[in-house]
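# Structural characterization, general
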Protein chains: 2
Amino acid sequence: MTTSFPMNDGNSAYSYFNNSQPQKELIDASKDMVRDAIIGKLDVEVMLSSSHTFRIIELGCSIGPNTFHAMQHVVDVVKEKYHNIILELQVFFSDHVENDFNTLFRSLPIDRSYYASGVPGSFHGRLFPTRSIHFAHSSCAIHWLSKVPKELLDEKSPTWNKGLIHYGTSNIDVVNAYIAQFEKDMEIFFNARAEEIVPGGMMVFISPFSSYIRLVEFFGSSLMDLVNEGKLDESLVDSFNLPMYFPSPQDMTKVVEKNGCFSIEFMELAYPKSKFVDETDAKTFIINLRAVLEGLLINHFGSKIAEEVCARTLLKSEEISTWMKANGGKSCQLFVALKRK
Amino acid sequence: MTTSFPMNDGNSAYSYFNNSQPQKELIDASKDMVRDAIIGKLDVEVMLSSSHTFRIIELGCSIGPNTFHAMQHVVDVVKEKYHNIILELQVFFSDHVENDFNTLFRSLPIDRSYYASGVPGSFHGRLFPTRSIHFAHSSCAIHWLSKVPKELLDEKSPTWNKGLIHYGTSNIDVVNAYIAQFEKDMEIFFNARAEEIVPGGMMVFISPFSSYIRLVEFFGSSLMDLVNEGKLDESLVDSFNLPMYFPSPQDMTKVVEKNGCFSIEFMELAYPKSKFVDETDAKTFIINLRAVLEGLLINHFGSKIAEEVCARTLLKSEEISTWMKANGGKSCQLFVALKRK
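The rules behind each value
Residues numbered from 1 in each chain as written. Chains lettered and ligands numbered in written order. Predicted model: local features only at pLDDT ≥ 70, side-chain atom pairs only at ≥ 80, totals over all residues. Heavy atoms only, no water. Helix = DSSP H or I, 4+ residues; strand = E, 2+ residues; numbered from the N terminus. Rg over C-alpha atoms; globule rule 2.2 N^0.38 Å. Contact = heavy atoms within 4.5 Å. Lys, Arg positive; Asp, Glu negative; His and termini not counted. Charge placed at Lys NZ, Arg CZ, Asp CG, Glu CD. Buried < 20%, exposed > 50% of the residue type's maximum accessible area, 1.4 Å probe, protein only. Arc of directions from axis to C-beta. Buried area = accessible area lost by both parts, 1.4 Å probe. Salt bridge = Lys/Arg side-chain N within 4 Å of Asp/Glu carboxyl O. Polar contact = N/O pair within 3.5 Å; in protein donor to acceptor, adjacent residues only side chain to side chain. Axes fitted to C-alpha atoms, helices over the stretch in contact; angles between N-to-C directions. Parallel < 35°, antiparallel > 145°, perpendicular 65-115°, else oblique. Left-handed = near helix turned anticlockwise from the far one by under 90°. Disulfide = S-S within 2.5 Å. pLDDT = per-residue confidence, 0-100. Nonpolar A, V, L, I, M, F, W, Y, C, P; charged D, E, K, R; others polar. Least-squares fit on C-alpha atoms with pLDDT ≥ 70 in both.

### Examining the overall build of chain A
Helices and strands together make up the secondary structure of chain A, namely 11 helices and 7 strands. On C-alpha atoms alone, chain A measures out to a radius of gyration of 20 Å, which is about the 20 Å that the 2.2 N^0.38 rule sets for 341 residues. Seen along its three principal axes, the alpha-carbon backbone of chain A occupies a region of about 65 × 40 × 35 Å. A fraction of 84% describes how many contacts in chain A between residues 6 or more apart in sequence connect residues 24 or more apart. Here chain A contributes 33 positive and 42 negative side-chain charges, whose respective centroids are spaced 3 Å apart.

Below you can see the structure in the form of structure tokens.
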């Protein structure tokens, strides 16, 4: 069974709903690429069935509002492409069963021009009937692994990730353990999508890359601060690792080729508009990461430690800002457009 | 805009999830009829599209578990009918956007043999693409009106429903106001379903009838007890009416004929297995009604009065039991199977 890691739910101060601006910028930065994919590459026969329904899926939709923004763009471009056909659009918002679908549904745009549906379940598995989907979209989601590679917890192994919570500053064995898990997960992911997506249908991924990897380690260093102050047992940090791997273009090529059912139409590393260089930008980014990671932290360390770690990481905003500047001040994203052969 | 009246959410003592046994018995009593409809009457060409997907909708699914029970039965019978075709089944669980879909999704059967999806929105309107649905099922739901007929609140009208909360013991003008609202709602309902359901596709309704009508008035008499004790202002009771009308076979025939797109394949009044005659049965029934009505009561009277009304109605279980016995001790249901022409 897959473990799920929902974003902070509801609509409160640290909810994902109110702290997802960086993810919105990733989506905005990819708008032209999504458009190029649909207008230039999508090649499905939408007249096949008696109902002229074009079906779109969002994999890892979370609770909004970014997913509505992304889906409206896809819907608009699809309508533009098929302007000479009376087309009905159906959007399936999918995420783990633990996702807060109530918040998602209650914030669906009233003036939407598509039929909306929610699909609970892991994208590391089948979610839709065979050949029923024309376009799949996934933003800031495929980097979530189905689980933490278990060898990271083995004290006797070179993959033991002592004192760290991710692979950002780890040894190559740890990195390889993460890559192996990503490849295993993506094999299942691609097998499922290959069944679900019609020939000529497309799938686009927008995934954070580069600086994002290091940023999560600032939460790790806050945890280690608590260990050094004697407020937290180090074994608890050693047994905690984030279940996320940010794929490189090379990783992506490898998993796509292994599956064999999709062609890479285009793939590029891009930079969203914002730069996150000053201290205020860094704070925004840390609060956003909090909305993403807090559930995981609470689950492992309890809510008191989780709260403390988030607060301490926020105090590092100056350090983080300095580090961001030294690293070009830009957050980088991977964009991939794939076509079902 | 339609108003929504969700069942008590979550999984607590008075939740609908834990208090929906009477509705389960309605579903059980209709199993053979659902089977006869699918095996004997359903006539859809499931091979039309490139994906062999049979799509089922549940209208007014609430939060479970009854809806899973009903859908599994439909899925099993459809598979039996089309045993010579490799068929994939997709079930869309639909209810108002205020419905607790989180609870619904988290209790989906793990071993289900269909793709599950949730669709938020009122069935008094379009929910699905044109000609995309093969079978529609609705149990204990179509009696919910989109709103209370406003003339019930007009002191100067013969339809003023003074001192009552429903039409069970009301004058004929009140009854007619309810019927008129039901007909208006069903016109919209049938227009939507006529677009969504494929030719030869079917729709079945299971709706409580008869004794159920009077039972809700026991909640009304508890409210009037509070008025008579000076604890509640009568105008608050006068301005409260339940938005539900339990259609008779004649009502159903009329709305189906007005729409003209469906044929009535069979329609009958049936009796579920249980009799609800002794005091314990009556208590079960009152607690079930509480799970259904409490949200409406809280919304109008506040949670303190709502709690008091529910508690007082429970104390009337002996009186209710006596009344049930006098009325044959049976709860009656209307079953209708319709086919899209």
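### Some remarks on helix α11 (residues 317-326) of chain A
Residue and element names in this part refer to chain A. All of the buried residues in α11 are Ser317, Ile320, Ser321, Trp323 and Met324. Along the axis of α11, the buried positions cluster into a sector of 165 degrees, meaning they face one direction only. Exposed residues pointing more than 90 degrees away from the buried face of α11 are listed as Glu318, Lys325 and Ala326.

### What to know about the interface of chain B and chain A
Interface size is commonly expressed as the accessible surface area that is lost when the partners come together. Listed by partner, the interface residues are 32 residues for chain B and 32 residues for chain A. Regarding the contact of chain B and chain A, the summed buried area is about 2600 Å², with carbon and sulfur atoms giving 53% of it. Considering only the surface of chain B that becomes buried against chain A, B:Phe105, B:Tyr115 and B:Pro129 emerge as the three largest contributors, covering 21% of it. Remark: the boundary between chain B and chain A carries 4 salt bridges. Between B:Arg106 and A:Glu98 there is a salt bridge whose closest N-O contact spans 3.8 Å. For the pair chain B and chain A, the number of links is 21 residue pairs in polar contact (both at pLDDT 80 or more). Looking at the side of chain B that touches chain A, the elements that each hand over two or more residues are β1 (53-59), β2 (88-95), α4 (101-106) and β3 (115-120) of chain B. Ranked by residues supplied to the side of chain B that touches chain A, first place goes to β3(B) with 6 residues.

### Some points on the side chain of A:Ser222
Mapped onto the fold, A:Ser222 is located in helix α6 (residues 211-228). Setting aside anything within four residues of it in sequence, one finds A:Ser222 in contact with A:Val309, A:Arg312, A:Thr313 and A:Lys316.

### Some remarks on the packing of helix α5 (residues 172-196) of chain A against helix α8 (residues 249-259) of chain A
Residues and elements named next belong to chain A. One way to put it is that α5 packs onto α8 with a least axis distance of 9 Å and a crossing angle of 45 degrees. With respect to each other, α5 and α8 are oriented oblique. Crossing of α5 over α8 shows right-handed handedness. Taking contact as the criterion, the partners of Ile179, Phe182, Glu183, Met186, Glu187, Phe190, Asn191 and Ala194 in α5 are, on α8, Asp251, Met252, Lys254, Val255, Val256, Lys258 and Asn259.

### Re the state of the cysteines
All names here are of chain B. Throughout the structure, instances matching the rule amount to 0 disulfides over all chains. No disulfide involves Cys61; its nearest neighbouring cysteine sulfur is the one of Cys140, lying 13 Å away. Cys61 gets classed as buried once you look at its relative accessible area, which sits at 5%.

### Comments concerning the confidence of the model for chain A
Residue and element names in this part refer to chain A. For chain A, the mean per-residue pLDDT works out to 88, and 93% of the residues sit at or above 70. Ranking the elements of chain A by mean pLDDT puts helix α1 (residues 21-29) last with 77 and strand β3 (residues 115-120) first with 98. ipTM for the predicted complex: 0.91, alongside a pTM of 0.92.

### Let's talk about the pattern of salt bridges
Note that side chains of opposite charge can pair when their charged atoms are close. Residues and elements named next belong to chain B. Applying the stated criterion across every chain, the model contains 32 salt bridges over all chains. Close ionic contact of Glu196 with Arg126 constitutes a salt bridge, the shortest N to O distance being 3.4 Å. Taken together, the residues Glu196 in helix α5 (residues 172-196) and Arg126 in the loop between β3 and β4 (133-139) connect sequence positions 70 residues apart. Here Glu196 falls in the buried class, since its relative accessible area comes to 0%.

### Focus: the packing of helix α9 (residues 279-301) of chain A against helix α10 (residues 303-315) of chain A
Residues and elements named next belong to chain A. Between α9 and α10, the shortest axis-to-axis distance is 9 Å and the interhelical angle comes to 160 degrees. Taken together, α9 and α10 sit at an angle that is classed as roughly antiparallel. Taken as a pair, α9 and α10 cross one another with a handedness that is right-handed. Residues Lys283, Ile286, Ile287, Arg290, Glu294, Leu297, Ile298 and Phe301 of α9 pack against Ser303, Ile305, Ala306, Glu307, Val309, Cys310, Thr313 and Leu314 of α10. Taken together, the residues of the contact of α9 with α10 sort by class into 10 nonpolar, 2 polar and 4 charged.

### A look at the relation of the copies chain B and chain A
For the pair chain B and chain A, the relating rotation is 180 degrees, the translation along its axis is 0.0 Å, and the fit reaches an RMSD of 0.0 Å. Taken together, the turn and the small shift mark the pair as related by a two-fold rotation axis. A share of 100% of interface residues in chain B that are also interface residues in chain A marks the association as one of identical surfaces.

### Digging into the environment of A:Met252
Residues and elements named next belong to chain A. Examined against the element boundaries, Met252 turns out to sit in helix α8. When its relative accessible area of 0% is taken as the criterion, Met252 is described as buried. Residues Met252 and Met186, spaced 66 residues apart in sequence, show a C-alpha to C-alpha distance of 9.1 Å. Ignoring any residue separated from it by four or fewer positions in sequence, one finds Met252 in contact with Ile142, Phe182, Phe205, Pro247, Met267, Leu334 and Val336.

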